[in-house]
Amino acid sequence: MTQSHSLQGQYAVVVGGSSGVGEAAAAMLAADGAEVLIAGRDQGRLDAARERIGGKSAARQLDGADPEQVRAFFADADRKIDHLVLSLSGAAGSGPIATLELDQLAAGFDGKFWPFLRILQAALPHLSPEGSVTFVTAASAGAAFPGTAGLAAINGALQAMVPPLAVELAPLRVNAVSPGVIDTAWWSAVPAEQRAEIFDGLAAATPVGRVGRAEDVAGVIRMLVGNTFMTGTVIDCTGGVNLPTGR
Ligand SMILES: NC(=O)c1ccc[n+]([C@@H]2O[C@H](COP(=O)([O-])OP(=O)(O)OC[C@H]3O[C@@H](n4cnc5c(N)ncnc54)[C@H](OP(=O)(O)O)[C@@H]3O)[C@@H](O)[C@H]2O)c1
């Protein structure tokens, strides 16, 4: 058996699997033989993503911010989950600290930090001990981009939990991938023209000369899911945009 083995016969749940990084990860896992259940809030988006993913994929509605829905989602689970990937997005919490509404920062935690933990706790009794959990966090957690202190707090809190969880929950493996700027629907609130300008500027400031694609991050998730010697790790996938310049 190789480290990044086939996922034939394994079952993965990808929350936030109807778009962007989560969808790309679900597609890679399905392509490598896993049965994949994608979850998200919008049934139409889920159905469309499931069509695109193909393979042995299924979709089920879930709002990770709703404790009752999370409880019911896993209470119904009728089989062991081998791999849990958490890629749901919470967009709130960014902005200059001088003017950042603390309610917005709290909304950011409600949209990402608490759902990740709530889903992890509810999934635990159903997770195979030989399986894995992968958080999709954000490189803002360890970078110094102005206006991202709130996002750093939310994603940094999640990243800080990865090593202790990996030891506490062993042999279940727990890892995170920490993306830089990725061209997904996460940016859809920014008008297209402005987004293109932002991406051009960021590409120029990025060692690899471009912003990321969902598949870049999904490839890291695929590795973390399949490599049974990886645990307690947070892997940056940023094109180098967050590297310290020494200035
Ligand atoms: N794109 C970037 O530049 C970037 C950078 C750093 C980190 N990240 C992180 O990467 C992760 C994936 O983001 P993405 O770029 O792939 O964004 P995306 O394309 O907007 O995908 C987000 C997914 O999460 C689902 N979702 C959102 N809220 C949810 C909730 N409460 N419960 C369940 N599902 C929910 C969405 O579906 P519904 O809306 O239908 O629920 C969608 O499937 C996020 O955690 C984000 O913070 C992204």
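Residues numbered from 1 in each chain as written. Predicted model: local features only at pLDDT ≥ 70, side-chain atom pairs only at ≥ 80, totals over all residues. Heavy atoms only, no water.

## Describing helix α4 (residues 102-123)
Selection criterion: Here a helix means four or more residues in a row that DSSP labels H or I, a strand means two or more in a row labelled E, and each is numbered from the N terminus. A helix is expected to span 1.5 Å multiplied by its residue count minus one. The term bend refers to the angle at a residue between two fitted axes, each drawn through seven residues, those ending there and those starting there. The classification of residues rests on relative accessible area computed with a 1.4 Å probe and restricted to protein chains. Under 20% of the type maximum is buried, over 50% is exposed, and intermediate values are partly exposed.
The terminal C-alpha atoms of α4, which comprises 22 residues, lie 30 Å apart, in line with the 32 Å expected from a rise of 1.5 Å per residue. Of all the bends found along α4, the most pronounced is centred on D110 and spans about 35°. Along α4, the residues that are buried comprise L105, G108, F109, K112, F113, P115, F116, L117, I119, L120 and A123.

## With respect to the layout of surface pockets
The rolling of a water-molecule-sized probe over the atoms marks out the regions of remaining empty space. Worth spelling out the cut-off: Whether a set of points on the 1 Å grid over the protein atoms alone is a cavity depends on a 1.4 Å probe fitting there but being unable to get out, while an open set qualifies as a pocket with protein on both sides within 12 Å along at least five of seven lines; lining residues are those with an atom within 4 Å of a point. Grid points are joined across faces, edges and corners, and a volume is the space filled by probe spheres set on the points. For this scheme, ten residues count as nonpolar: Ala, Val, Leu, Ile, Met, Phe, Trp, Tyr, Cys and Pro. Four count as charged, namely Asp, Glu, Lys and Arg, and the remainder, Gly too, count as polar.
Looking at the second largest pocket, its volume works out to about 320 Å³. For the second largest pocket, the lining is made up of 14 residues, of which F145, V241, L243, T245 and R247 are closest to its centre. Classifying every residue of the lining of the second largest pocket by side-chain character gives 9 nonpolar, 4 polar and 1 charged.

## Some points on the site of the ligand
Counted only if it meets this: Proximity is defined per residue: any heavy atom of the residue falling within 4 Å of a molecule or strand makes that residue near it. Think of a polar contact as two N or O atoms within 3.5 Å of one another; within protein, one of them needs to be a possible hydrogen donor and the other a possible acceptor, and neighboring residues in sequence only count if both atoms come from side chains. Each accessible area is a Shrake-Rupley result for a 1.4 Å probe, and residues are judged covered by the shown protein chains and nothing else.
Surveying the vicinity of the ligand reveals 29 residues, the closest of which are S18, S19, R41, K112 and T184. Here K112 contributes a side-chain N or O atom positioned 2.8 Å from an oxygen atom of the ligand. When the ligand is considered free in solution it has 880 Å² of accessible area, and contact with the protein chains removes 94% of it. Looking at side-chain class alone, the shell around the ligand contains 12 nonpolar, 12 polar and 5 charged residues.

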